[in-house]
Structures are given as structure tokens and as C-alpha cells.
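# Understanding the architecture of this molecule
What follows is the residue order along each chain.
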Protein chains: 2
Amino acid sequence: MAVSDKTSRHVTVKDVAEAANVALSSASRVLTDHPNVSEGMRQRVLAAAERLGYEPDLVARTLRTGNSRTLGFLVADLDNPISSSFIRGAEDSARARGYGLLLTNSEGDPAHDAENLQLFLRRRVDAIILLTSDSGSEVEGVLESSTVPAVVLDRDLPSGSSASSVFFDHANGMHEATGHLLERGHRQVAFVGGPEELRPVSDRLAGYVRAFQDHDLLVDRSLISTGSLRPAFGRTEARRLLESDTPPTALIVGGNQLLNGVLEAIHDLDLRVGEDLALVSCDDVDLTRLYQPSISSVVRDVYKSGQIAAELAIEQLTEDDVPVRTVLLPTWFVARDSTAVMPTARL
Amino acid sequence: MAVSDKTSRHVTVKDVAEAANVALSSASRVLTDHPNVSEGMRQRVLAAAERLGYEPDLVARTLRTGNSRTLGFLVADLDNPISSSFIRGAEDSARARGYGLLLTNSEGDPAHDAENLQLFLRRRVDAIILLTSDSGSEVEGVLESSTVPAVVLDRDLPSGSSASSVFFDHANGMHEATGHLLERGHRQVAFVGGPEELRPVSDRLAGYVRAFQDHDLLVDRSLISTGSLRPAFGRTEARRLLESDTPPTALIVGGNQLLNGVLEAIHDLDLRVGEDLALVSCDDVDLTRLYQPSISSVVRDVYKSGQIAAELAIEQLTEDDVPVRTVLLPTWFVARDSTAVMPTARL
């Protein structure tokens, strides 16, 4: 039957299994490049597949889209208040297309990223969205052996992976923010950020440096502190910078969780935001909007990036021959009361 | 074979299926009380089961614990910053016991709770932890037909369900907070909270009322506003109360998301927290700790409740004859700068 129907419809993995006289699960394993397959079985199934003129991509896709209609979203750290915006975006897109969304939380620990990716693959989700804790090296191996489409959010891709990705242009918003401070006369502008190997961090730093260059100013490397996105790092580094002999008149915080620590340092030193120093953060969270004075920030449409990630994943599942895609979304600076201060205020 | 081995090993559902001459899936359905079973089939399988001396609890447990080692955690609303503490607690307990944790987000919409519960059941998680958006009526039907253990966090159980639960004594912390304000001389103490049918809300209100009674004071119902935990409700109601002819000198906010709206109202009216009015919130979030002045709050160990929920779930999966359990955790008041104000300040 498989042969007689060959010209009128797509050849399925079931047809291949029948023609090779092997179990459906065995044929599936061969056709999805599952490692646990004997060489004899592999030869037999591939010969049958070639005889029937099967299309491997389509077969793999059919296997994937079979019945689960579930996307897995691996979240680096749900403690980060912007995580829920990524998730809501992905969830709304997925739900509108009839897909459910399962989540895992890696608690900011790269080692948990790989565990959680394994958990998704064992639970057979159709596609995976990754918002990893670091640059993704931990998940690299797991992702390579996976047969489901993946979309990576705001991180460089593991080398050799063929996932789609959604990036932000973090440099542009940070360039605007730094320019805003320099135009108001600030020269001692400190930057506290995460580890430079993370794409968002290096992007932000590039935007900061470019603003100095645009104003024909030299960057003072002693005012740049990178290493971690954790609040404790923000507290230590802000305190060190603000207690130095030539304290910054403006402080740029390259991450919303760092901001918590930086504010603690500012309170420790009895300094007032917007009076004793100018302050810029990243992302729009409750604290930037509701702190008094409100805190200027480099913002982006996080919800939209989640939506696009889910759409890219579903596109891979439902359409033929979709190439892997990269989407770049903007960031921009929102001036609030925390940058109203002039650089002479504290000197 | 099943019969000959009867004395030396546990009777399995497969033995029962063979003895009854029915499919394994049919025997499973009968033995797990699945609704979709004909009466004839039920009688036949139960007769075979009795003949072989099977132990139904053990069978059901074996079916459940088969291989997934995954807990599902249904989260009402990841936008709520305390959600991640519930999750971290559950995750750490689950991981320590070798279980993975899958999450879903209902975006604060009770209709999504039932969908997400279905998603977990389809993906065959071993047990489910529920932090639902409302009192749970939406999930009631789904939960009734489910055969996996469930643990409910901080919500009344759906009627007729046999889940374990972890509650907080919200009344006690709110009683302390209200007493603190009354002892400082506040009499016009407003309360803005969620819908009274939610257990945490009615608990908090009970603690508030009890503090007035303890001080031989009458409660002014016009200062109580309940209905929603959303920020927009907090903003509208705080504004209405603060603009009235006899504005409150202290405002208690019964939910951390309400606080965002309440602070917006206070800023709208150019009032200063801790100077023009005393303010109390619930739960410890970035905003309560880092707002200037810091905001007094009724707090609880959210992380611990997540840990206990996962432990109760795993206990049901791994131990014999564990009764359904209810755990009650405390709440308490933490005084900060926002309640340092005396009631005469604004009058």
C-alpha cells in the first residue's frame, strides 16, 4: 500500500517501517538519528526509506508534530522580574496557536540548564525555547543530540547549533543612556555589569564606549566593573566606586537584579539618588517605575521577544523548509528623575 | 504465571489484566478509578483482582511512580514576584529527591488554571502542586478525575478533593500589623485587599478586625475595600480612600501586587509614605525593602512552603498509606520606616 500510494501522498515513517519489516519505533529511531540503533537496523531502514522516496525532514517533522502540541520554555531565573514578561509573550503566542507551554526554572545556575533541557526532551515537548543562565555552554551537548527545533533568547548560540534566535540591540539603548549623561556634563560615569562573555553585557559595554568616542572623550577603565549580574556584586562594586577618591557622578547599572544591590550600597552610604548621583538601570521593573525618584532605564519589549520566540518555534513545527531565523529587537533609553541631577551636585 | 508467583511477589496490574482476559489499559483504568469504564468491565477486573489478592493502593502507586519522576507545579501568576520563591522551594526539594519540576503559568486567569492542569495530566507528571489564581473552582472538575496526588498551596481545597495542603496563618501577621498601628494611635486604618472568597484575603481581614476588637474599637466598614489583587484596583481604591473627607492616617495593603497601584495613587496625590500616611504591605519584595522609606510588611516563609509542598507530593509517591496532610505556616509583622509616622502628621 505504501508503494502504490507513493505518488499521491507523502511517505510516512510507518510506510518505511512496513517496507523494512521493522517496528515503527525502530524506524523512527533511525530516521531521527537516535544514537541507540544498531548498524544493521540503520542500513535496513535507510534502504527502505530510499526505495520509497521518503523525505527525511518531513518525516522528522511529522514525528515531532505528532501529538504533543507542547513547547518547553527553559527559563534561566524566575527570580528575575522580567522573566515573567518573556513567558507571558511566549504563552500568549503559543496559546493562540493551540500549543501549551511548559516551563522550567534553572535558578540562575548554568548546571541546571542542562538538566532542565534533558527533562524537556524526556517529556517529549515539540520544540524548546531557551533563556539560559550563561552563554549556553552547559546545554551545548544536550542541544546537539536533540532533534526538536530550538529558539534561543538573548544569548549567543552554542557553537554548531542550528537554532533560531531572538536578540536585543543592547548597545543602542546604552549608547543613548551614556550620551544623555555626557551631554548633561557628567564625565565620571561608572558602569557596573555582568560577565563580559554574555552577549547582552558586551553589547551594553560597547554602547557605553561608543558614546564616549562620539563625544571625543576617553573611557576611564577604572570606572568599569563587570563580572556578575547578582545583587551582591552590584552592592560591593557600587560601594567601592562611590567610596573612591574620585567617585562617579553618574552610575549605569547593566542589569535589573544588580540594581537591588546598587540601591543598597547607595542607602548604606546615605546618598540620595537624583541628588548626590545620577542613576541609570536596565529594564522596566516595579522598582524603576515606583522608586522615588523614579529611575531612568534602558528598556526593551521583553513581552514581544517571547511572542516572537514562540512563533519561530511553531513555524519550524508547522511549515515546510523554514530556514533558521535571527530576529533583532531594539532597546532604548527612558529618562526619568534619577538622571535629572547635574554633575556638580556632589562635588 | 501470575497465580503461581502470587505468594512470592506483589501482584501487578498486568497479572490482573491477564487473569481477567482484558487489555492492560482497561485493567489500569478500573484499578485507578478512571471514570471512562463500563460497569461490566469494572466487575470483571475487580473480580480478577480480588481472586489474585492484589493490593489496590500499591498498584495505583506503582502505576504512578512508573518512570516519570516529574512534579508539575501549576503557578497562578509568574508576574507576582513571590511566585519564584514558591518555585525555588519546591524545586530544591524536588531536585534533592531526584525529581524534575515542570511549571505552567496561568497569567492570573482562573480559566488557564484548568487548561494547564490538563496539560500536566496529558504529559503524565507524577504529582501536581497547585497555586491557583482563585479559590480553585475552575480546576475542581479536572482534579476530581485525576489519579495523581495533588498538593494545594494557600488556597481552600476544591470541595470533595483529597489533596494535601499548605496554608499560611495570614490572620496572625495582619493582627500584629493592625495592632501596631492602633497602639501608635491610628484610628482611621484603611484596608485594601483581594476578593474575600480567597482564603488569604478573608484570613487577613479577620486578623484586622480582631485587632480592633482587642482594642475595644469599632471597625469602620467604609475603610475596608476588597475585590481584587490587581494593581489597578489598589490605585483606584487607595485614591478614593485618600481623597475622602476623612482620609485614613494608615493604609494596609493586603497583597504585594496591590501595593504597586497603591504607591501610584500616593504619588498621584503628592503624598509621602511615612510622613503623610503610614503604610503596611504584605510579603517581602524588592519594592518593600528598597523603597525609600522602606515599607513595613506582613511576611512569611514562602520558600519553605514550596519545599513542604514538594515534600508532601513526593511522600504520597514514595511511601505507603500516607494520609493526606495539612500544614499551617506562620506569618508575622516586620515594622519598617513606613509605619514610623504618627496619626497627627497629616491632620
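Going by the structure above, here's the rest.
What counts and what doesn't
Residues numbered from 1 in each chain as written. Chains lettered and ligands numbered in written order. Predicted model: local features only at pLDDT ≥ 70, side-chain atom pairs only at ≥ 80, totals over all residues. Heavy atoms only, no water. Core = buried A, V, L, I, M, F, W, Y, C linked by side-chain atoms within 4.5 Å. Buried < 20%, exposed > 50% of the residue type's maximum accessible area, 1.4 Å probe, protein only. Contact = heavy atoms within 4.5 Å. Buried area = accessible area lost by both parts, 1.4 Å probe. Salt bridge = Lys/Arg side-chain N within 4 Å of Asp/Glu carboxyl O. Polar contact = N/O pair within 3.5 Å; in protein donor to acceptor, adjacent residues only side chain to side chain. Helix = DSSP H or I, 4+ residues; strand = E, 2+ residues; numbered from the N terminus. Expected span 1.5 Å × (residues − 1). Least-squares fit on C-alpha atoms with pLDDT ≥ 70 in both. Phe/Tyr/Trp six-rings, centres within 6.5 Å; stacked < 30°, edge-to-face > 60°.

## Describing the nonpolar core
Leu71 and Phe73 of chain A together with Leu71, Phe73 and Leu251 of chain B are the most contacted members of the largest nonpolar core, which has 144 residues in total. Other than its neighbours up to four places away in sequence, Phe73 of chain A contacts Phe86, Ile87, Ala90, Leu101, Leu102, Leu103, Thr104, Phe120, Ile129, Leu131 and Leu153 of chain A.

## Describing the interface of chain A and chain B
Contact with chain A, which involves 37 residues of that partner, is made by 36 residues of chain B. When the buried surface of chain A facing chain B is broken down by residue, Arg95, Arg123 and Leu290 of chain A rank first, second and third, together holding 21% of it. The interface formed by chain A and chain B contains 6 salt bridges. Taking the shortest distance from any N to any O, the salt bridge between Arg95 of chain A and Glu107 of chain B comes out at 3.3 Å. Applying the counting criterion to the chain A and chain B interface returns 18 residue pairs in polar contact (both at pLDDT 80 or more). Of all the elements in the fold, those that place two or more residues in the side of chain A that touches chain B are helix H5 (83-96), strand S2 (100-105), helix H6 (110-122), helix H11 (256-268) and helix H12 (286-290) of chain A. When residues of the side of chain A that touches chain B are assigned to their parent elements, the largest contribution, 7 residues, is made by H5 of chain A.

## A word on helix H5 (residues 83-96) of chain B
Residues and elements named next belong to chain B. Given a rise of 1.5 Å per residue, 14 residues ought to cover 20 Å, and the 20 Å separating the end C-alpha atoms of H5 matches this to within 8%. Burial analysis of H5 places 10 of its 14 residues in the buried class, the great majority of the element. Gly98 occupies a position one or two residues after H5 and carries a positive phi of about 85°.

## Here we look at the relation of the copies chain A and chain B
After a rotation of 179° and a shift along the axis of 0.2 Å, chain A superposes on chain B with an RMSD of 0.6 Å. Taken together, the rotation and translation describe the operation of a two-fold axis. Here 97% of the interface residues in chain A have copies in chain B that are interface residues too; the copies meet face to matching face.

## Quick look at the packing of aromatic side chains
A complete count under the given rule lists 4 aromatic pairs over all chains for this structure. Seen from their ring centres, Phe191 of chain A and Tyr208 of chain A are 5.4 Å apart, and the 50° between their planes marks the pair as tilted. Taken as a pair, Phe191 of chain A in strand S6 (residues 189-193) and Tyr208 of chain A in helix H9 (residues 199-214) lie far apart in primary sequence, 17 residues in all. As far as the burial class goes, Phe191 of chain A and Tyr208 of chain A line up, both buried. Ring geometry for Tyr208 of chain B against Phe212 of chain B: centres 5.0 Å apart, planes inclined by 55°, an arrangement best described as tilted. In this pair, Tyr208 of chain B and Phe212 of chain B are both assigned in helix H9 (residues 199-214), 4 residues apart and thus about one turn of the helix distant.

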